[in-house]
Amino acid sequence: MADDKRGVVGYALLPKKQQSFIQDSLLSLCKSRGIDLVRIDQDRRLIDQGPFDCVLHKMYGDDWRKQLEEFQIENPNSTIIDSPVSIERLHNRISMLQAVSELKIESGTDTFGIPKQIVIYDKDTLFDRQAWEFLKYPVIAKPLIADGSAKSHKMALIFNHEGLNKLRPPIVLQEFVNHGGVIFKVYVVGEFVKCVKRKSLPDVSEEKLKSLEGSLPFSQVSNLTSDERNDKYYKLMDLEETELPPQSFITDIARGLRRGLKLNLFNFDVIRDARIGNRYLVIDINYFPGYAKMPGYETVLTDFFCDVVGKKSLSEEKEKGGVDKLQVVPNCDVDLTKIVSKTCCSDGEEKEKSPVLQV
Ligand SMILES: O=P(O)(O)O[C@@H]1[C@@H](OP(=O)(O)O)[C@H](OP(=O)(O)O)[C@H](O)[C@H](OP(=O)(O)O)[C@H]1OP(=O)(O)O
Ligand SMILES: Nc1ncnc2c1ncn2[C@@H]1O[C@H](COP(=O)(O)OP(=O)(O)O)[C@@H](O)[C@H]1O
Ligand SMILES: [Mg+2]
Ligand SMILES: [Mg+2]
């Protein structure tokens, strides 16, 4: 694109996402760099709107997917961020983490992987302890489907057999790994990678486990409100004291995942195994996460949009075209493993997240 021609990025986001992501500060920075962010009207067909150099979206469903396909056929030069097929892989907590297991990275002394886990489709298997004897209590029960619904975030820490009663398969049972109560969130925007710290579930000692009963439901613990964060229980875990993982190691994983998943906009959650100080476990990958919580998100996203629509980024402008252009990961045709469309974890009731975890 000639650098004097404006780039147009159309966005299709749910109202909550639009509110958090499309901030005036982002709009004006984009504008000053020759990019217009334009809302896609979801009451009209996508194909009747535009032109868009890029379509940015976090919308689901067959109809939307068809609209994107139609749009791409009519507008082959437009870039869709990201391909619905690639995004769908993240809607299943098993296929999501397979991408991590498939990664081959030379990592020196630090190692990475995923926690031991099993997918449970029925109650018989759930209560058949032999079927998952390789998992020791405590375990975390997660809904198999991670489609962004409130239900898909409802989890439970299971301390013993009694805690299984409230679970509703299909679920993933995953080994709970003590990690010092701090989680690392790694935000990826194209080639850009940023790792931040957030509070997580506290460790469960073997001693404590003996006295714990049944299960403990929780939801989106890393998104605590500031009141919850100041609660004396969470204050025990000192975020500042916790060292970040080595940046180059995290960047290698992030870039490997980006290529493996064929996605440009995602984040992943990493914990450091408290038993083995240099072992890192990826536990969750999210499409188009809450970027507005990332310091300087406006610059990072604006640079990315410039790359996508073929405009010079700020650093290129400064260096007068001296650096290579970033490559947007192209759309792909990944064959999805089994995707189940409905699931429920725990007792399925609408419970509030529990700010104070009595572990
Ligand atoms: O709303 P936010 O800003 O907390 O962002 C959520 C993410 O929080 P994070 O950026 O990782 O702290 C959140 O990440 P977690 O699953 O909490 O690790 C999800 O990405 C969530 O999307 P969805 O509900 O899974 O579709 C994200 O929600 P949406 O903004 O997409 O609704
Ligand atoms: N295997 C695990 N071991 C220890 N803590 C975990 C594990 N899996 C998840 N958690 C904790 O539970 C939280 C929610 O789990 P996660 O898989 O990230 O679900 P969500 O998609 O709702 O964010 C994590 O942020 C972390 O605090
Ligand atoms: Mg998470
Ligand atoms: Mg998630």
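The shown structure was predicted, so the numbers you read here are calculated from the model rather than taken from an experiment.

### Focus on the coordination of the magnesium ion (ligand 3)
Reference values for coordination geometry: four tetrahedral donors around a metal ideally subtend 109.5 degrees, six octahedral donors ideally subtend 90 or 180 degrees. Asp269 (OD) and Asp284 (OD) make up the full set of protein donors to the magnesium ion (ligand 3), lying at 2.0 to 2.2 Å. In this structure, the magnesium ion (ligand 3) is positioned 3.7 Å from the magnesium ion (ligand 4), and both are ligated by Asp284. Of this pair, Asp269 sits in strand 13 (residues 265-272) while Asp284 sits in strand 14 (residues 279-287), and the two are 15 residues apart along the sequence. What makes Asp269 buried here is its relative accessible area of 6%.

### Some points on the packing of aromatic side chains
Under the definition given, this model contains 11 aromatic pairs. With 6.2 Å between their ring centres and 40° between their planes, Phe52 and Phe71 make a pair best called tilted. Within this pair, whereas Phe52 is found in the loop between strand 2 (35-39) and strand 3 (54-57), its partner Phe71 is found in helix 3 (residues 62-74), the two being separated by 19 residues in sequence. Both residues of the pair, Phe52 and Phe71, belong to the buried class. Above the plane of the ring of Trp132 lies Arg129, whose end atom (NZ or CZ) is 4.2 Å from the centre.

### Some remarks on the UniProt feature "binding site: Mg(2+) 2" (unreviewed entry) in the protein chain
As annotated by UniProt and renumbered to match this structure, "binding site: Mg(2+) 2" (unreviewed entry) occupies Asp284 and Asn286. Relative accessible area serves as the criterion here: at 12%, Asp284 is assigned to the buried category. Discounting residues that sit within four places of it in the chain, Asp284 has contacts with Arg93, Met96, Leu97, Asn267, Phe268 and Asp269. Relative to the helices and strands, Asn286 is located in strand 14. If sequence neighbours within four positions are ignored, Asn286 has contacts with Leu90, Lys185, Leu265, Phe266, Asn267 and Asp269.

### Digging into the sheet that holds strand 14
Sheets are built from strands paired through backbone hydrogen bonds, the pairs being either parallel or antiparallel. The 5 strands lie next to each other as 5-14-13-10-11, forming an open sheet whose pairing is mixed. Looking along the sheet, the strands with just one partner apiece sit at the ends: strand 5 (111-113) and strand 11 (192-199). Recorded for the sheet is a direction-independent mean angle of 30° between the axes of neighbouring strands. Relative to strand 13, strand 10 (residues 182-189) runs antiparallel, the two being bridged by 6 bridges.

### Focus: the pairing of strand 9 (residues 171-175)
For strand 9, a buried count of 5 out of 5 residues is recorded, marking the element as mostly surrounded by other parts of the structure. Both faces of strand 9 are covered, namely the face carrying Ile171, Leu173 and Glu175 and the face carrying Val172 and Gln174. Of the pairings in the sheet, the one linking strand 6 (residues 117-120) to strand 9 comprises 4 bridges and is antiparallel in character. Looking across to strand 9, one finds that Ile120 is bridged to Ile171. Relative to strand 9, strand 7 (residues 139-143) runs antiparallel, the two being bridged by 5 bridges. For Pro143, the partnering residue across the bridge sits in strand 9 and is Ile171.

### Overview of the confidence of the model for the protein chain
Summary statistics for the protein chain give a mean pLDDT of 86 and a share of 81% for residues scoring 70 or more. Here residues 320-327 is modelled with pLDDT under 50, and outside its nearest four sequence neighbours on either side it reaches 11 contacts, counting other chains as well. Long-range and interchain partners of residues 331-359, a stretch whose pLDDT sits below 50, account for 82 contacts in this model, where long-range means more than four residues apart. On the interface metric, ipTM, the complex scores 0.94, and its pTM is 0.88.

Conventions adopted
- Residues numbered from 1 in each chain as written.
- Chains lettered and ligands numbered in written order.
- Predicted model: local features only at pLDDT ≥ 70, side-chain atom pairs only at ≥ 80, totals over all residues.
- Heavy atoms only, no water.
- Donors = N, O, S within 2.8 Å, 3.2 Å for Na, K, Ca; no water.
- Helix = DSSP H or I, 4+ residues; strand = E, 2+ residues; numbered from the N terminus.
- Buried < 20%, exposed > 50% of the residue type's maximum accessible area, 1.4 Å probe, protein only.
- Phe/Tyr/Trp six-rings, centres within 6.5 Å; stacked < 30°, edge-to-face > 60°.
- Lys NZ or Arg CZ within 6 Å of the ring centre and 35° of its normal.
- UniProt positions renumbered as here; feature names shortened; annotations may be inferred.
- Contact = heavy atoms within 4.5 Å.
- Pairing = 2+ DSSP bridges.
- Axes fitted to C-alpha atoms, helices over the stretch in contact; angles between N-to-C directions.
- pLDDT = per-residue confidence, 0-100.

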